[in-house]
Amino acid sequence: MTPKDVLDMAKESGAKVVDLRFIDFPGLWQHITVPISELDESSFEDGFGFDGSSIRGWQPINASDMLIIPDPATAKIDPFYKETSLVLLCNIFDPLTREPYSRDPRYIVQKAEAYLKGTGIGDVAYIGPEAEFFIFDDIAFESSKHRAFYEIDSIEGIWNSGRDEGPNLGYKPRHKEGYFPVPPMDKFQDLRTEMLLVLEGLGIEIEAQHHEVATAGQSEIDMRFKPLLQMSDQLMWFKYVLKNVAYKNNHTVTFMPKPIFEDNGTGMHTHLSIWKDGNPLFAGDKYAGISQEALWAIGGILNHARAICAFSNPTTNSYKRLVPGFEAPVNLAYSSRNRSAAVRIPMYSSSPKAKRLEFRTPDPSCNGYLAFSALLMAALDGIENKMDPGDPLDKNIYNLPPEELADIPSAPGSLDEALDALKQDQDFLKKGDVFTQDAIDMWIDYKIENEVNPVKLRPHPHEFFLYYDI
C-alpha cells in the first residue's frame, strides 16, 4: 500500500484515530494514538516524535528524542478498539541524522532480508513459527522484599479434579494427554476458533488450531509461513489478538515457556526455508530429500545455536523448559523425525516446495524480529562457509548410552550461558551490519541487569521448603 492507499482506507473505514505501534527491544508492542486529522501523506516521511528514553533498552535521557515513521504496507483496522482505529506499524529513526535506529528490531529484520539478497544465495526467506501458549482462568503473583508467590488456576487444571465447582463436571486433561481430545475434555475449542477467525479477519493465514500436550489449556494456532519481515509483524499481531480475545472472554493467555511445574513447557518450533527465483533452495537428493545447501544451513544453525538461544530463548524461564533428559529439544543435532533433536527435517510431504528446516529450540517469549534474524544469519553463515553438520541423530536419545550422549553438544542451561555464548560468538550476526555491536551489547547488558541478576539475587520459595530448618 502507498500512503495515498492508506488515507483512502482510513476514509472508507471511517477511522477516527490512528494507532502508531512499534516494538521495544525485549519484544512488546508500544503505541501512541493520534486523531485521524494528524495523518497525511507527509506523515510517512516526517513521522511523529516520542521519548525514546522511556522505552526499555533504548536511549539515555540526554538523547531521548526519537521519531516513529509509519510503514504504509502494514495498515490494518484494529479488531478490539471501541472506536474505529487505523493501525500502522512503525520504524524508528534518529530525528537529527534521519538514520534508522540500530536497536529497532524491525530495522534488524529489514537488514537481514537485504543481506540475504546481497549474498546471492536466495531472494526470500520464509519463516513459519508454531507459537504455543497457555490459557488460564486466573493468575496472581508477587515478588517483594519479604514475600514471593504465584498462583495459577484453570478450569482444565488436573489439580482441580477434586475441587467443588458447583458442580465439578470432570473432564480435566491428565498429564501428557492434552494432545488432543475433543470437547468436553478440550474446554477451549470455541475460544481458539474465535482467535483464529479474528486473525484471519486481519489477513493472517491460519493452517490449524488445536489443544497441546499439557493440562490447563495449553494450545497452539499455526500461521502459514511468510517472508521474514511479514512474519515478524504477524507474530506481534498473533500475540496481541490471542491476549485480547482471551481477556474479552475472561481468560488470560501467557507465552511464558514454563509456567507450570512438572508439565510440558511452551515452545515455538520455527520452520525456515530459503528460495531463489521462485525455487526452493533446500530441496535436493541428500539426507531426507534436502539439498547440500540445506545441510550447510543446518551446520550453521547447530554451530551457532548456543548464541542464537540468547535471542530465541531470551528469558530465565526459558531454561526451565530447556532441561536435558526430558522432551525439550536441547540436543544440538539434526534428524528427519527425531523430535529431541534441535533441528528436524519435517517429512509430512515429499514435495520440493515443502522442504524446510525446523529449529525446535526457540520459545514464544522471544522477540521474533531478533530471533528470526539470528536464525537466518546462522543458516547463511553455514552456507557461505560450507559447514558440515555431521551425521544425523536418528536414534532415540533416551536410549543412548552415557558415553554416546556425551558426544552430543547441548543448548545452554541458563540465560547466563546463552548470553556468554553470544559474547563469544557474534561475528555471524554482524555481517552486513545486520546486528550492530551497539545492539548486541545493549541486549546482553539489558538482560543481565534487568533479568539475570534480579532473579539470582532473590531467594526462591522452594529454598524455604528445602533449607529453612537447616
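The structure contained in this document is the topic of the report that follows. Within any chain, residue numbers begin from 1 and follow the written order of that chain's sequence. At least 70 in pLDDT is required for a residue's local features to be given in this predicted model, at least 80 for side-chain atom pairs to be given and counted, and no such filter applies to totals for whole chains, interfaces and linings, which use all residues. Side-chain measures here rest on the full set of heavy atoms in the structure, leaving out hydrogens and waters.

Glancing now at the pairing of strand S14 (residues 268-276). Burial classification: accessible surface area is computed with a 1.4 Å probe over protein chains only, and a residue below 20% of its type maximum counts as buried, one above 50% as exposed, and the rest as partly exposed. Numbering of helices and strands runs from the N terminus; a helix is a DSSP stretch of H or I covering at least four residues, while a strand is a stretch of E covering at least two. In terms of burial, S14 is largely enclosed, as eight of its nine residues are buried. For two strands to be treated as a pair, DSSP must find no fewer than two bridges joining them. Where strand S7 (residues 124-136) lies against S14, eight bridges are found, and the strand directions are antiparallel. Bridge pairing in S14 links Ile-127 to Leu-272. Where S14 meets strand S18 (residues 357-359), three bridges bridge the pair, whose relative direction is antiparallel. What sits directly across from Leu-272, in S18, is Leu-357. The sheet contact formed by S14 and strand S15 (residues 279-280) spans two bridges and is antiparallel. Within S15, the position partnered with Trp-275 by the bridge is Pro-280. The loop that links S14 with its antiparallel partner S15 comprises two residues; one of these, Asp-277, has a positive phi angle of about 50 degrees.

Time to look at a negative patch on the surface. The patches reported here contain residues having more than 30% relative accessible area and no salt bridge. Joining distances are 9 Å for like charges and 5 Å for nonpolar side chains (Val, Leu, Ile, Met, Phe, Trp, Tyr). Throughout, the Shrake-Rupley method with a 1.4 Å probe supplies accessible areas, and for residues the shown protein chains are the sole cover considered. What makes a salt bridge here is a side-chain nitrogen of Lys or Arg within 4 Å of a carboxyl oxygen of Asp or Glu, nothing more. In this tally, Asp and Glu contribute negative charge and Lys and Arg positive charge; neither His nor the terminal groups of the chain are included. Note on charges: their place is set at NZ of Lys, CZ of Arg, CG of Asp or CD of Glu. Together, Glu-38, Asp-40, Glu-41, Glu-45 and Asp-46 make up a region of like negative charge exposed at the surface. Within the fold, Glu-45 resides in helix H2 (residues 43-46). The exposure class assigned to Glu-45 is exposed, which follows from its relative accessible area of 58%.

With that settled, consider the nonpolar core. As used here, the term nonpolar core means buried Ala, Val, Leu, Ile, Met, Phe, Trp, Tyr and Cys residues forming a set that is joined through side-chain atoms within 4.5 Å. Ranked by internal contacts, the top residues of the largest apolar core, which has 120 residues, are Phe-238, Leu-242 and Ile-301. Here this core takes 13 residues from helix H6 (residues 292-312), the largest share from any one element. Beyond its immediate sequence surroundings of up to four residues, Leu-242 is in contact with Phe-133, Met-195, Leu-199, Ile-221, Val-253 and Phe-255. Of all hydrophobic cores here, the second largest spans six residues; its members include Phe-136, Ile-152, Ala-214 and Ala-216. Working rule for contacts: check all heavy atoms of both residues, and any pair within 4.5 Å makes them a contact.

It is worth spelling out H6 at this point. Since the α-helix packs 3.6 residues into each turn, any two residues three or four apart lie on the same face. With 21 residues, H6 should cover 30 Å at 1.5 Å per step; its first-to-last C-alpha distance of 25 Å lies more than 12% under that length. Of all 21 residues in H6, 17 are buried; the element is thus mostly enclosed. For a helix, the expected span equals 1.5 Å multiplied by the number of residues minus one.

The subject of this paragraph is unusual backbone geometry. In this model, Gly-166 is joined to Pro-167 through a cis peptide bond whose omega is 0 degrees. Turning to its location among the elements, Pro-167 is positioned in the loop between strand S9 (148-153) and helix H4 (189-201). Look at the link from Pro-183 to Pro-184: it is a cis peptide, with omega at 10 degrees. Despite not being glycine, Arg-98 has its phi angle at roughly 60 degrees, a positive value. Looking at the element boundaries, Arg-98 is found in the loop between strand S6 (85-93) and helix H3 (105-119). With relative accessibility at 39%, the residue Arg-98 sits in the partly exposed group. Of note, the phi angle at Asn-250 is positive, near 65 degrees, even though the residue is not glycine. Owing to a relative accessible area of 65%, Asn-250 belongs among the exposed residues under this scheme.

Turning our eyes to something else, we now look at the pattern of salt bridges. What the rule picks out here adds up to 27 salt bridges. Salt-bridge contacts for Arg-103 lead to Asp-438; the nearest nitrogen and oxygen are separated by 2.7 Å. Of this pair, Arg-103 sits in the loop between S6 and H3 while Asp-438 sits in helix H12 (residues 437-457), and the two are 335 residues apart along the sequence. The buried category is assigned to Arg-103, whose relative accessible area is 10%. Judged by relative accessible area, which is 32%, Asp-438 ranks as partly exposed. In this structure, Glu-417 engages Arg-306 in a salt bridge whose closest nitrogen and oxygen atoms are separated by 3.2 Å. Separated by 111 residues along the polypeptide, Glu-417 in helix H10 (residues 415-424) and Arg-306 in helix H6 bring together distant segments of the chain. For Arg-306, a relative accessible area of 32% corresponds to the partly exposed category.

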